[in-house]
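Residue-level listing of the chains:
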Amino acid sequence: MKVDSMAQLPALDELIACPSCDALYLERDVAPGETASCLRCHAVLEAPRRTAMTRIIMLALAAIILMVAAIFFPFLELEVAGRAHRASLLDTVRAFSSGLTAPLTVAMAALIVILPLTRFGAIIYTLAPMAFGNHPWPHAQSAFRMAEALRPWAMAEVFIVGVAVALVKVAGLAHLSLGPAFWAFVGLVIVTVLKDNFMSRLTVWKTLDTRRKF
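Here's a quick rundown of the structure. (Residues numbered from 1 in each chain as written. Predicted model: local features only at pLDDT ≥ 70, side-chain atom pairs only at ≥ 80, totals over all residues. Heavy atoms only, no water.)

**Remarks on the environment of Ser142**
Right, so step 1: Considering the arrangement of structural elements, one finds Ser142 in helix α4 (residues 140-150).
Right, so step 2: For the pair Ser142 and Thr126, spaced 16 residues apart in sequence, the C-alpha to C-alpha distance is 8.9 Å. (Helix = DSSP H or I, 4+ residues; strand = E, 2+ residues; numbered from the N terminus.)

Following this line, the structure appears as structure tokens:
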């Protein structure tokens, strides 16, 4: 009697892949407070928490507020020979707005401001209704997919590292004073890291699929 070996294999929708090493596992329900980790590389696969969505939404809102403050408040003040000059984040972006460096203005504005704000907004759009026990809004899956696609391109933390390196080089030539926007940007980076580490993406996808069906 011939046995079809494919009949013993699980369906593709019953499998999940480790985001770090691509190891495959059968999907199982993980209780709130528990953590499912990869046996090969120990990466976290799923870590649901009872109030996770509410916390992520609050962190995303805090990140948007800090971003607005970082844009409009003074970023730093430079004093040389008795002359002081204040610069904001917008001034930094506009500094490359003429000549051959004009495309750099678009890139800086997109990577530092527009893409992070778009990602925070997409996360809030995805999670807000589900945090209150409601069905997801239309195109919530597309919004969360976009938020995940933008994650490597939202480079606020890269910008703050570049600023820190520049401050070290300029500190010996002039007197520098850090403005409130600088600390708002530092807070933005910290909040973003906390939000990304706190979010269980597999849990979000499973919740989206469950709430959409029911």
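**Concerning the side chain of Ser200**
Right, so step 1: Along the chain, Ser200 turns up in the loop between α6 (180-198) and α7 (201-213).
Right, so step 2: Polar contacts involving the side chain of Ser200 include one to the side chain of Thr203, which spans 2.8 Å.
Right, so step 3: Excluding its chain neighbours within four sequence positions, the residues that come into contact with Ser200 are Leu45, Glu46, Ala47 and Pro48. (Polar contact = N/O pair within 3.5 Å; in protein donor to acceptor, adjacent residues only side chain to side chain. Contact = heavy atoms within 4.5 Å.)

**Considerations on the state of the cysteines**
Right, so step 1: A complete count under the given rule lists 0 disulfides for this structure.
Right, so step 2: Here Cys21 stays unpaired: no disulfide links it, and the sulfur of Cys38, its closest cysteine neighbor, is 3.5 Å away.
Right, so step 3: Looking at the unpaired Cys41, the closest cysteine sulfur is the one in Cys18, lying at 3.5 Å.
Right, so step 4: Among the residues examined, Cys41 registers a relative accessible area of 31% and is labelled partly exposed. (Disulfide = S-S within 2.5 Å. Buried < 20%, exposed > 50% of the residue type's maximum accessible area, 1.4 Å probe, protein only.)

**Considerations on helix α1 (residues 52-72)**
Right, so step 1: For α1, spanning 21 residues, the distance from its first C-alpha to its last is 31 Å, which sits close to the expected 30 Å at 1.5 Å a residue.
Right, so step 2: Looking at α1, one finds that the buried residues are Ala52, Met53, Ile56, Ile57, Ala60, Ala63, Met67, Ala69, Ala70 and Ile71. (Expected span 1.5 Å × (residues − 1).)

**Comments concerning the pattern of salt bridges**
Right, so step 1: Using the criterion set out here, one finds 7 salt bridges in the structure.
Right, so step 2: A salt bridge links Lys206 to Glu27, with the shortest nitrogen-to-oxygen separation between them at 3.7 Å. Residue Lys206 is located in helix α7, and its partner Glu27 is located in the loop between β2 (24-26) and β3 (36-37); the two are separated by 179 residues in the primary sequence.
Right, so step 3: Given a relative accessible area of 17%, Lys206 falls into the buried group.
Right, so step 4: We classify Glu27 as partly exposed; its relative accessible area is 28%.
Right, so step 5: With its nearest N and O atoms 2.8 Å apart, the salt bridge here joins Asp196 to Arg119. Remark: Arg119 occurs in helix α3 (residues 102-131) and Asp196 occurs in helix α6; sequence separation between them is 77 residues.
Right, so step 6: Put simply, Glu27, Asp29, Glu46 and Lys206 are held in one network by salt bridges that share partners. (Salt bridge = Lys/Arg side-chain N within 4 Å of Asp/Glu carboxyl O.)

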